[in-house]
Amino acid sequence: MTDDNKSRLHQMPGLSRRQILGGAASLSLAGGLSLAPNAVYAQKNGQLEVLMVNAMVSPTLKAILEKELEVKLIDGPFMSGTDTVSRLTAPGGARYDLMNSSFAFSSPVVMGAKAGAERVQAIDVSQIPNMKYINEPSKEGIGQRDGKVFMIPHSWGYDSILYNRAVVPDDDPYTHSWSLLFEDKYAGRIGWWDVAHQMLMAAGLYLGHKEPEKMDRAQLTEVGNFLIKKKKNVRTFFGTFAQGSNLLSGGEIDVCYGIVPMRNDLQKRGFNIAGAWPKEGVLSLISASYIPKESRNVKMAHAMIDVMLGKTYAQELANGSGYLSASTFAQEGLSDADKKKYGYGIFDGSVKHYQLKFPTSMNAWIETWSRVKSA
Amino acid sequence: MADALTPPRQRLSKRQRRERTRKIALWSYVGFFYAFLYVPIALLIVLSFNNSDVVGLPLRGVTLRWYNEVFGSADLIRSIVNSALLGTVSAIVATTLALLLALGFRTDFPMKAWVMRMLLLPILIPGIVGGVVYLVTFGYGGMPFGVWTSTLPVHITWVLPFAFLTLFPRVHGLDPSLEEAATDLGATPFVAFRRVIFPLIKPGVIATAMFSFTLSFEEFIRTLFVIGSDRTVPVHLWTLLSDQAAPFLPAVGVVIMAVSIFASLIGFVLSAQADRGRAKVT
């Protein structure tokens with residue numbers, strides 16, 4: 001090969017090093033930027049983007065919302081309350097018109113430390129006529145400051161112990177306490193949820209702490225030691241509720257920590273599963289809605305909060321999901337047996353509950369739980 | 001009498017015994033190896049037809065209801081389509097970029113080592129950290145979140161280093177005299193690339209594209225941060241797993257596997273054609 005040819009090879013358009021790298025850079029830019037139609041977060045007419053607990057926008061409930069609001073609902077993938085508030089505080093602002101998550105867990109972030117530090121906009125309650133139907137206990141989930149409302153409750157969930165009735169009889173005294181999840185009677189048949197917050201709250205309540213979320217390090221150590229002692233009774237930890245549900249329905253375990261939709265789903269599928277009503281209290285949470293400052297469809301977001309407290313949505317929520325509605329409409333269509341089964345006793349005081357509040361020292365909680373797991 | 005009719009049993013030599021033991025051990029190893037690889041997949045297929053609300057054994061009859069649930073869910077179908085399209089576009093763009101980079105890296109230039117390191121950086125950054133970085137960057141940049149606006153660039157960035165690492169040895173190991181000979185015979189560099197180089201590296205390019213597709217199709221944690229209200233398969237499945245038993249999961253697994261096998265088949269066909277083409281060239 002001649003020198004001339006060699007130099008030609010490296011100088012020809014399209015193959016020179018400079019141009020190859022330039023081409024690569026251009027393609028990178030094209031891939032990264034030109035496919036983005038606008039750098040601006042444009043509003044799409046007739047759409048409302050929401051981030052909500054999946055059960056709140058199940059196919060049936062979504063259809064009700066879309067019909068009453070005459071809007072197309074785009075629901076983002078809900079992961080957890082932590083994820084939701086992270087998205088609310090993300091740089092560039094929240095990308096949703098309406099969001100919801102647990103009041104007790106989220107309000108410190110949503111409301112901010114002081115007036116003016118709120119991460120969401122004030123809700124115009126005059127646009128929410130159904131607010132007057134919020135039942136008395138749920139009013140605890142209204143986030144307000146200086147006469148302005150920032151969070152409005154729409155539903156309740158609660159965590160308890162799920163058990164296989166074929167193995168654990170309903171009248172077993174253990175079902176009246178969180179002891180079912182910890183003590184030796186069902187050793188080897190128990191599943192623990194692999195989450196620090198809920199598991200330590202449950203153990204804290206069981207060990208007699210009045211406000212488990214305020215446990216100091218010594219108390220956490222005591223709870224941790226208790227859990228380590230009882231770990232021998234645990235057959236397995238599970239990470240997702242799908243895992244827990246399969247373990248329980250497949251007979252791998254007979255007792256586990258569980259949430260409302262998990263119990264509801266298993267019962268609907270015909271499994272002989274029940275939820276315990278521990279005397280220390282089920283771990284409850286109020287789900288509340290809030291409108292991010294960046295919401296592009298504020299009017300429709302208000303309308304959606306209103307519909308979620310309305311009769312059709314509330315009654316379907318009560319019947320279909322197992323969650324409790326914060327609206328008084330929900331109980332109108334329920335028999336006493338259903339009210340008892342779904343846990344509406346939380347509202348009249350016949351079912352004891354304790355709200356899942358955010359721990360004062362979450363780091364210490366996670367550390368304690370890690371110690372339990374690695375012991 | 002019988003003993004007299006039975007031929008005397010031949011004693012195996014030490015070497016033969018050792019050979020026999022070696023064969024048994026080898027076949028056992030191969031058996032376990034393939035069982036380890038394929039029994040779970042076979043079980044997944046079996047469970048996808050199991051008429052039980054529990055993901056697991058025992059088998060309780062044959063049903064197609066889980067497939068009906070999968071194909072009856074518009075959200076799930078949409079997420080599969082999103083993943084497939086995203087994987088395809090990511091694979092095409094990343095492979096093209098990787099090819100250009102691999103060609104560029106055949107020659108020396110200033111800061112070459114540093115450019116290489118920068119290129120490989122996304123592999124070293126943990127997924128969750130990468131996700132947060134993208135969230136912050138796109139957030140400040142005001143870029144809308146979605147499959148094509150934010151997730152595609154993230155997937156390309158994630159897949160590109162792998163594509164480059166797969167393709168670079170192939171391009172680097174190419175005999176430069178072939179290209180030089182083509183140029184000597186009057187081919188322009190573009191023609192030399194199109195007629196000589198590309199046919200030779202085509203199987204590698206196809207393999208890289210397939211690998212890139214798979215990486216993109218399965219990506220979860222980075223996607224979760226930037227997907228907005230859209231869903232890919234991993235993201236959608238994770239939301240489903242958060243509050244229900246999801247007994248249709250094996251059926252979803254089989255559908256996803258079918259998509260991957262289909263993509264692989266296309267890859268194999270193209271690769272075989274490319275190999276035949278290469279044989280003609282060489």
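Predicted model only: the values in this text are computed from it and were never measured.

Asker: Sorry, what's going on with the overall build of chain A here?
Answerer: A tally of regular secondary structure across chain A gives 16 helices and twelve strands. Taking the intrachain contacts of chain A between residues at least 6 apart in sequence as the baseline, contacts between residues at least 24 apart amount to 72%. Roughly 15500 Å² of accessible area belongs to chain A as shown, and the carbon and sulfur atoms make up 52% of that amount.

Asker: So what exactly am I meant to see when it comes to the confidence of the model for chain A here?
Answerer: Where the model shows low pLDDT, its predicted coordinates should not be examined in detail. All names here are of chain A. Mean pLDDT over chain A works out to 86, with 88% of the residues at or above the 70 mark. Predicted confidence is poor over residues 1–15, with pLDDT under 50, and the contacts of this stretch with residues over four places away or in other chains come to 29 contacts. pLDDT under 50 marks residues 26–43. Its contacts with residues more than four places away, or in other chains, come to 35 contacts.

Asker: Can you walk me through the packing of helix 4 (residues 81–88) of chain A against helix 5 (residues 103–111) of chain A in this structure?
Answerer: Packed helices, taken two at a time, are described by the angle their axes make and the gap between the axes. Residue and element names in this part refer to chain A. Closest axis-to-axis distance for the helix 4/helix 5 pair is 10 Å, and the angle between their directions is 10°. The orientation of helix 4 relative to helix 5 falls into the category roughly parallel. Seen from helix 4, the contacting residues are Gly-81, Thr-82, Val-85 and Leu-88; seen from helix 5, they are Phe-105, Ser-106, Val-109 and Val-110. By residue class, the composition of the contact of helix 4 with helix 5 is five nonpolar, three polar and no charged.

Asker: Looking at this structure, I do not really get unusual backbone geometry. What am I missing?
Answerer: When glycine is set aside, most residues are seen to have a negative phi, and most peptide bonds are trans. All names here are of chain B. The omega torsion across Leu-57 and Pro-58 is 5°, close enough to zero to call that bond cis. When you line up the elements, Pro-58 lands in the loop between helix 2 (14–48) and helix 3 (65–72). Positive phi values are uncommon outside glycine, yet Met-111 reaches one of about 65°. With respect to the helices and strands, Met-111 occurs in the loop between helix 4 (74–104) and helix 5 (112–124).

Asker: Would you mind going over a positive patch on the surface with me for this structure?
Answerer: Residues and elements named next belong to chain B. Taken together, the side chains of Arg-11, Lys-14, Arg-15, Arg-17, Arg-18 and Arg-20 define a basic patch exposed on the protein surface. Among the structural elements, Arg-17 can be located in helix 2. For Arg-17, a relative accessible area of 39% puts it in the partly exposed group.

Asker: Would you take a moment to explain the domain arrangement of chain B for this structure?
Answerer: Frequently, the measure chosen for interface size is the accessible area removed from exposure when the parts meet. All names here are of chain B. For chain B, the domain assignment lists domain 1 (10–48) and domain 2 (73–281). One C-alpha centre belongs to domain 1, the other to domain 2; they are set 36 Å apart. In this complex, domain 1 contributes five residues to the contact, which on the side of domain 2 involves five residues. Contact between domain 1 and domain 2 buries roughly 400 Å² in total, counting both sides, with carbon and sulfur atoms accounting for 91%. Contact with domain 2 buries surface across domain 1, with Leu-44, Ile-45 and Ser-48 losing the most and accounting together for 77% of the total. One can count zero salt bridges joining domain 1 with domain 2. If you look at where domain 1 meets domain 2, you find zero residue pairs in polar contact (both at pLDDT 80 or more).

Asker: Is there a simple way to explain the nonpolar core in this structure?
Answerer: Residues and elements named next belong to chain A. Residues Leu-65, Ile-152, Met-304 and Tyr-313 are the most contacted members of the largest nonpolar core, which totals 62 residues. There are two domains that each give this core at least three residues, and those are domain 1 (47–156 + 284–354) and domain 2 (158–282 + 357–374). Setting aside residues no more than four positions away along its own chain, Tyr-313 makes contact with Met-56, Leu-61, Ile-64, Leu-65, Val-307 and Met-308. Listed in part, the 49 residues of the second largest apolar core include Trp-178, Trp-192, Ala-203 and Leu-220.

Asker: Sorry, what's going on with helix 9 (residues 241–249) of chain A here?
Answerer: In an α-helix, one turn spans 3.6 residues, which is why side chains three or four residues apart end up on the same side. Residues and elements named next belong to chain A. Across the nine residues that make up helix 9, a large majority, eight, are buried. Every buried residue of helix 9 is listed here: Phe-241, Ala-242, Gly-244, Ser-245, Asn-246, Leu-247, Leu-248 and Ser-249. Downstream of helix 9 by one or two residues, Gly-251 has phi in the positive range, about 85°.

Asker: Just to check I follow, could you spell out the pattern of salt bridges for this structure?
Answerer: Where charged atoms from two side chains of opposite charge approach closely, those side chains can pair. All names here are of chain A. Tallying each qualifying case throughout the model produces 27 salt bridges over all chains. In this structure, Arg-217 engages Glu-367 in a salt bridge whose closest nitrogen and oxygen atoms are separated by 3.2 Å. Of this pair, Arg-217 sits in helix 8 (residues 217–230) while Glu-367 is found in helix 16 (residues 362–374), placing the two residues 150 residues apart along the sequence. What emerges from the salt-bridge pattern is a single network uniting Glu-183, Asp-184, Lys-230 and Lys-232.

Asker: Just to check I follow, could you spell out the pairing of strand 10 (residues 282–290) of chain A for this structure?
Answerer: Taken residue by residue, a regular strand's side chains alternate between the two faces of the sheet. Residue and element names in this part refer to chain A. For strand 10, the buried fraction is high: nine of the nine residues fall into the buried class. When strand 5 (residues 148–164) meets strand 10, the two strands line up antiparallel, connected through seven bridges. Bridge pairing in strand 10 places Gly-157 opposite Leu-285. As judged from the three bridges shared by strand 10 and strand 12 (residues 353–355), these two strands associate in the parallel manner. Looking at strand 12, one finds that Leu-283 is bridged to Tyr-354.

What counts and how
- Residues numbered from 1 in each chain as written.
- Chains lettered and ligands numbered in written order.
- Predicted model: local features only at pLDDT ≥ 70, side-chain atom pairs only at ≥ 80, totals over all residues.
- Heavy atoms only, no water.
- Helix = DSSP H or I, 4+ residues; strand = E, 2+ residues; numbered from the N terminus.
- Contact = heavy atoms within 4.5 Å.
- Areas by Shrake-Rupley, 256 points an atom, 1.4 Å probe, with all protein chains shown as cover.
- pLDDT = per-residue confidence, 0-100.
- Axes fitted to C-alpha atoms, helices over the stretch in contact; angles between N-to-C directions.
- Parallel < 35°, antiparallel > 145°, perpendicular 65-115°, else oblique.
- Nonpolar A, V, L, I, M, F, W, Y, C, P; charged D, E, K, R; others polar.
- Patch = residues over 30% accessible without salt bridge, like charges linked within 9 Å, V, L, I, M, F, W, Y side chains within 5 Å.
- Salt bridge = Lys/Arg side-chain N within 4 Å of Asp/Glu carboxyl O.
- Lys, Arg positive; Asp, Glu negative; His and termini not counted.
- Charge placed at Lys NZ, Arg CZ, Asp CG, Glu CD.
- Buried < 20%, exposed > 50% of the residue type's maximum accessible area, 1.4 Å probe, protein only.
- Domains from an automatic or database assignment.
- Buried area = accessible area lost by both parts, 1.4 Å probe.
- Polar contact = N/O pair within 3.5 Å; in protein donor to acceptor, adjacent residues only side chain to side chain.
- Core = buried A, V, L, I, M, F, W, Y, C linked by side-chain atoms within 4.5 Å.
- Pairing = 2+ DSSP bridges.

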